[in-house]
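# Structural characterization, general
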Amino acid sequence: MAFSLDTELSDLKVSELLKEVSVDYTKTKRLEDAVAVIRDVLLSLPEEQVKPTAAAAFIKDIGAPGDKLDFKFRKPDSVEIIGSYTLKAAAKPFLNIDLAVRIPKACFHEKDFLNHRYHAKRCLYLVVIKKHLSSCSVVKNIGWSTFQDDARKPILIIHPGEMDNDTANDFVIRIIPTVLAGVFDISKLAPGRNNVRDFQQGMAQPTPDYNASILEDMFIEDHSAFLKNSLSGSKNFVEALLLLKVWARQRNSINGPDCLNGFIISIILAYLTTEGGGKRITGQMTGFQAFRVVIDFIAISSTLEKGIFMQPQSVGNVSLELKRRLLQFFEVVICDSVTYLNLAFRMTKSGLVELVDEAARTLRYMNKCKDKGFEEVFMTRIDFPAKFDYHARIIPVGKDHMKPPNICMDKEHSRVYEKQVELLLSKGLGDRARLVRVLHRSIPANWHIDEGLECLGKVPLLVGILISDFEKAFRMIDVGPSADNKIESAKFRSFWGEKSELRRFKDGIIAETAVWECEHWEKHLIIKKIMEYTLRRHLSLSSQDISIVGDQLDFTLLQGGKDPIASTPTLLDALDVLSKCLRGVEDLPLRISSVQPLDSAFRHTSVFPPMPHPLATDKEKRQYSDILVPTCIQTLEVMIQLEGSGKWPIGEIAIEKTKSAFCLKIAESMQKRWGILYVAAEDAVDLQMAGFAFRLRILYEKDKSLIKKQGLFGVLPVGNLQNTNCVLLEKDLLLRSQHSSMLNGLQGLHPVYGPTVRLAKRWICSHMFSGSLADEAVELLVAHLFVRPFPFSAPCSRVTGFLRFLRLVAYHDWALSPLVVDVNGDLTMKEEGQIMAQFIARRKDSRGESGANNTGPAMYIATPYDWESESWTSFSPDNLSLKRLIAYARSSAELLTRLVGGEVLEGWKSLFRTPLQCYDALILLHRDKLAYPSQILFNADIKQGSLPVTTQEASMDFFPYLSPLVIRKGFQEARNHLLVGFDPVKYFLHDLKTDMPKVFNIWHDAFGSEVIGLTWNKEAPFLKDAAQKRKRKEPDPTNFDVRNILEEVANVGTGLVKTVHLLKSPKYN
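Residues numbered from 1 in each chain as written. Predicted model: local features only at pLDDT ≥ 70, side-chain atom pairs only at ≥ 80, totals over all residues. Heavy atoms only, no water.

## A word on the overall build of the protein chain
Counting its regular elements, the protein chain contains 36 helices and 30 strands. The buried share of the protein chain, taken over its 1069 residues, is 56%. Long-range pairs, those at least 24 residues apart, make up 74% of the contacts in the protein chain between residues at least 6 apart in sequence. For the protein chain, the computed accessible surface area is about 46,500 Å², with 51% contributed by carbon and sulfur atoms. (Helix = DSSP H or I, 4+ residues; strand = E, 2+ residues; numbered from the N terminus. Buried < 20%, exposed > 50% of the residue type's maximum accessible area, 1.4 Å probe, protein only. Contact = heavy atoms within 4.5 Å. Areas by Shrake-Rupley, 256 points an atom, 1.4 Å probe, with all protein chains shown as cover.)

Written out as structure tokens, the structure is:
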């Protein structure tokens, strides 16, 4: 039943998609009339003599001999519509009508296939056409482009005049020159022949791509007729073609001449309907079924690697010799049935690898995702910035020493350069990368033939890297050949240069190596270092010519130029020692049965995991006197569970007192036996060892039931202190234990998970959403990107993971869809359906006739341990905060996309700089009164309201670092000044909410900012009262002095608050 419903929904969605992308051909009559006028103009053009000077720059760049290019222009032999329009398979939004303009044979000489003479005359023919069409009544404007991004083959793009409907207005008309099949001897254009001779030095090399570019024009009309005969007879075939086009367009790195385009898609579909293709597709199939057959065919990599030969089975097989020859000259072969022209001569090996990978992944999520993966297959855009793990932008400008005598040989020089970059990086990265993809560059928009082709060489190259395996990708040593292998060793040294060195390994082998030394927390930069070194060494590029995305966001996570994550191994070692000591405590009524770390630092997701504090130890470290010693030390929560007993008290207060007594007893025993220092807190005990402060919490099995009994389950302490039950929920250790257990293994499977979460949390806080979204909620959002990455593969770099996080927040439909995070695959499809049903019920309840406010979470995140999203987002973010968060996420995602894609080069820091003008008032704190001032990203820049309402002096009772005077008094005296778990901002915010409830919405950065934002709460009593007075036409309520309120804010934070600025007065309506 569920499968049937899923099929019906997917079929309905596919049907609606086809309606959206299909063209209503009953509304294109005016367009066809315009085409008819253009055809009549072309077929009546007068004869004229054409000189090569009409396209001098283009002819010079392709290297054609100017003395053999004069010819008499004659009107076309024919002008016919070809391509997708004839199949009624044009797919919105990119619509065109292709006009094949057949150049008469009389315009060519017998040997014009040599040395780009054909390409030059082809261009000159278009120059004449453009001159005459420019004055045509139905032509709005006319410009230049290229056919399949082949710089040697320009075409004309015509925008017709205004039509009577939007459908017709969306079309452009492309003028594509063709020639009759008999113009040149086909045997002279075989792939093994050389036809670019003037600039060859030494032995002439075959020019298979050049030859294929001429054959393509000779048989393009025949191929169009073949597609029309094969596909136009079935509506389902056309629907399959439309779906394939949508699928390819959503994957922009495979949707191009070097991989897949509309023509190749059509050819593969047509092939699968023929005998040669095994008739895998029949007319009885639906469009979606045929689409799936094509995707399955592509996903079998061996099929395309062996080549596709389109001859009918009755004709016989293509000879093995011909297959071998074609596969020798081309990386991918799709051979037609008559001329043995390779229709895929532009497709590259890397393009094929990516295509096969995309097809295979598409099949997987069609099987795994709901509605047959409709959203993932057709609706989600897989663009360059979000798909690849590492991205490079290379500017090949000013490298004249690398240019051949002419820009075009067998291929354009730009294509040769792209291939050279790809081969170099593939060799340099080796098994670290599963794909190195240099994106096919296009002629710039608004290009004109008079500019020639040099502009193509100035377009930056974009390179995408997908890494294979973390262990391989981030190893520090590349081991080359043994020193005994002289030939291979010489090649290794030649490639790596000064990076190459001989090393003896433990097993006695002496081998060439390339070493990439770095700190452990810098290993993610090894890929970047290899790419930079390889490109600079072999292409003589400067650092200004290369931009590789890898470490641009690291500045947000550093302290003192170092990532504090480096201390995590020390922290985990200390935790192991602590666990052993806790289990070794014997003088307790109940033994400790388990020890579980709860703090995010233990699962690698803390933005700033604590570094060892020199005073949080039982042994004095002399070197601490030479460094700045922080006054405060973070606490790390560790949950312990005692063996079962029926002697626990019943009341909640009694239980808490009992747990406190246990904690004190445990601390005393550990100090007595192992000398571990401790400090008693209000409801816990802090153990100090190895430079860290571990806060013990005891889990009592009835904690959860007590909290549920009071109706407090699911209230999350996200730091905004807007919920009065925050302290009580802190005690729900079981819930936090489940969360921690679920995510602990994720870091081991995906080492990028931790850094991605840290960036996400840093971004959340830098835009002052610390009070709106819990850390645990952020961890779940990022976890979803790794456990259900479809239609991508799991991210393998922090920048890519962060970009996908921003897009998830920005574009997930929070109002209509829950986000199900199932890290360990615990939920069945039936259970996920139940979660969806519960979600729908909550949303329906919130829209009931009573007009009650939304009782369901605005951000609904369901997990196996919390189906109804009560744990982390039950009360926050609310609808207003979520709307604000989505707006910030969209803006940041768009900027990061442009930064990664190389569209803009500056602005990385802007991702984390929040606009202060978006708040009604700002509180500026004394920087030297913050607990961790080194975590501040930017100085406060308050432009509006620069005149503060009030100013306060700084307190002299607290400083973030211990004074040298205190340190000189000795270790014990310095320890007496250590503040465990203290943060003055946290307590200030608590007091502010307590003293002035419902006056403000408070926005702050929990990880380091000297600014707190305030927005007026519409529910504030004085605003409601003022609005009522205005309705009753009583005296103007603006007499109420808002400055008094802000002065009171400053008084609450006396000693911490520096200034308070009023930017916008409250609205009383």
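Resuming the write-up.
## Re the sheet that holds strand 10 (residues 390-394)
Sheet architecture is open: four strands sit in the order 11-12-10-16, paired in antiparallel fashion. Only two strands of the sheet have a single neighbouring strand rather than two, namely strand 11 (433-438) and strand 16 (546-549). Averaged over neighbouring strand pairs, the angle between their axes works out to 15° when direction is ignored. Across four bridges, strand 10 lies against strand 16 in antiparallel orientation. The partner of His391 across the bridge, within strand 16, is Val549. (Pairing = 2+ DSSP bridges. Axes fitted to C-alpha atoms, helices over the stretch in contact; angles between N-to-C directions.)

## A closer look at the pairing of strand 30 (residues 1057-1062)
Within strand 30, five of the six residues are buried, leaving the element largely enclosed by the surrounding structure. In terms of strand pairing, strand 25 (residues 921-925) meets strand 30 through five bridges, oriented antiparallel. By the bridge assignment for strand 30, Ala921 is matched with Leu1062. Pairing of strand 26 (residues 950-951) with strand 30 involves two bridges; the strand directions are antiparallel. Residue pairing for strand 30: Thr951 is matched across the bridge by Thr1059.

## What to know about unusual backbone geometry
Omega for the peptide link from Lys92 to Pro93 comes to 5°, which places this bond in the cis form. Residue Pro791 follows Phe790 across a cis peptide bond; omega there is 10°. Among the secondary structure elements, Pro791 is positioned in the loop between helix 28 (775-787) and helix 29 (798-811). In this model, Asn115 sits at a positive phi of 50°, which is unusual for a non-glycine residue. Here Asn115 is to be found in the loop between strand 4 (95-103) and helix 5 (117-133).

## Structural notes on the sheet that holds strand 15 (residues 510-515)
Strands sit in the order 13-15-14 across an open sheet of three strands; the sheet is antiparallel. In this open sheet, the two edge strands, each paired with only one partner strand, are strand 13 (477-482) and strand 14 (500-504). Within the sheet, the average angular offset between the axes of one strand and its neighbour, ignoring direction, is 40°. Two elements, strand 13 and strand 15, share four bridges in a ladder whose sense is antiparallel. Bridge pairing links Ser482 to Ala511 in strand 15. Packing against the sheet, helix 19 (residues 486-496) makes contact with strand 13, strand 14 and strand 15, and its axis sits at approximately 145° to strand 13.

## Topic: the packing of helix 29 against helix 31 (residues 879-900)
The geometry of helix 29 relative to helix 31 is characterised by a closest axis approach of 8 Å and an angle of 145° between their N-to-C directions. By crossing handedness, the relation of helix 29 to helix 31 is classed as left-handed. Judged by residue contacts, Val799, Phe802, Leu803, Leu806, Arg807, Val809, Ala810 and Tyr811 of helix 29 engage Leu885, Ile886, Ala889, Arg890, Ser892, Ala893, Glu894, Leu896, Thr897 and Val900 from helix 31. For the contact of helix 29 with helix 31, the class distribution of residues is 13 nonpolar, two polar and three charged. (Left-handed = near helix turned anticlockwise from the far one by under 90°. Nonpolar A, V, L, I, M, F, W, Y, C, P; charged D, E, K, R; others polar.)

## Things to note about the packing of aromatic side chains
Enumeration according to the criterion identifies 35 aromatic pairs in this entry. Seen from their ring centres, Tyr25 and Tyr85 are 5.4 Å apart, and the 70° between their planes marks the pair as edge-to-face. One end of the pair, Tyr25, is in the loop between helix 1 (2-21) and helix 2 (29-43); the other, Tyr85, is in helix 4 (residues 84-87), with 60 residues separating them in the sequence. Neither Tyr25 nor Tyr85 differs from the other in exposure class; each is buried. Ring centres of Phe492 and Trp496 lie 6.4 Å apart, and the angle between their planes is 55°; this geometry places the pair in the tilted category. (Phe/Tyr/Trp six-rings, centres within 6.5 Å; stacked < 30°, edge-to-face > 60°.)

## Concerning the nonpolar core
Core analysis: the largest hydrophobic core is formed by 137 residues, its most contacted members being Ile129, Trp247, Phe291 and Phe378. Grouped together as the second largest cluster of nonpolar side chains are 108 residues, Tyr390, Ala392, Leu773 and Phe802 included. (Core = buried A, V, L, I, M, F, W, Y, C linked by side-chain atoms within 4.5 Å.)

## Let's talk about a positive patch on the surface
Residues Lys68, Lys111, Lys188, Arg193 and Arg197 make up a contiguous surface patch of positive charge. Here Arg193 lies in the loop between strand 7 (171-179) and helix 7 (208-231). Arg193 gets classed as partly exposed once you look at its relative accessible area, which sits at 31%. (Patch = residues over 30% accessible without salt bridge, like charges linked within 9 Å, V, L, I, M, F, W, Y side chains within 5 Å. Salt bridge = Lys/Arg side-chain N within 4 Å of Asp/Glu carboxyl O. Lys, Arg positive; Asp, Glu negative; His and termini not counted. Charge placed at Lys NZ, Arg CZ, Asp CG, Glu CD.)

## Things to note about the side chain of His926
Secondary-structure assignment places His926 in the loop between strand 25 and strand 26. Owing to a relative accessible area of 10%, His926 belongs among the buried residues under this scheme. Of note is the side chain of His926, whose polar atom sits 3.0 Å from the backbone oxygen of Gln952. A polar contact of 3.4 Å, which involves the side chain of His926, links it to the backbone nitrogen of Ala954. Each residue touching His926, except ones within four places of it in the same chain, is listed here: Gln952, Glu953, Ala954, Gly1055, Leu1056, Val1057 and Lys1058. (Polar contact = N/O pair within 3.5 Å; in protein donor to acceptor, adjacent residues only side chain to side chain.)

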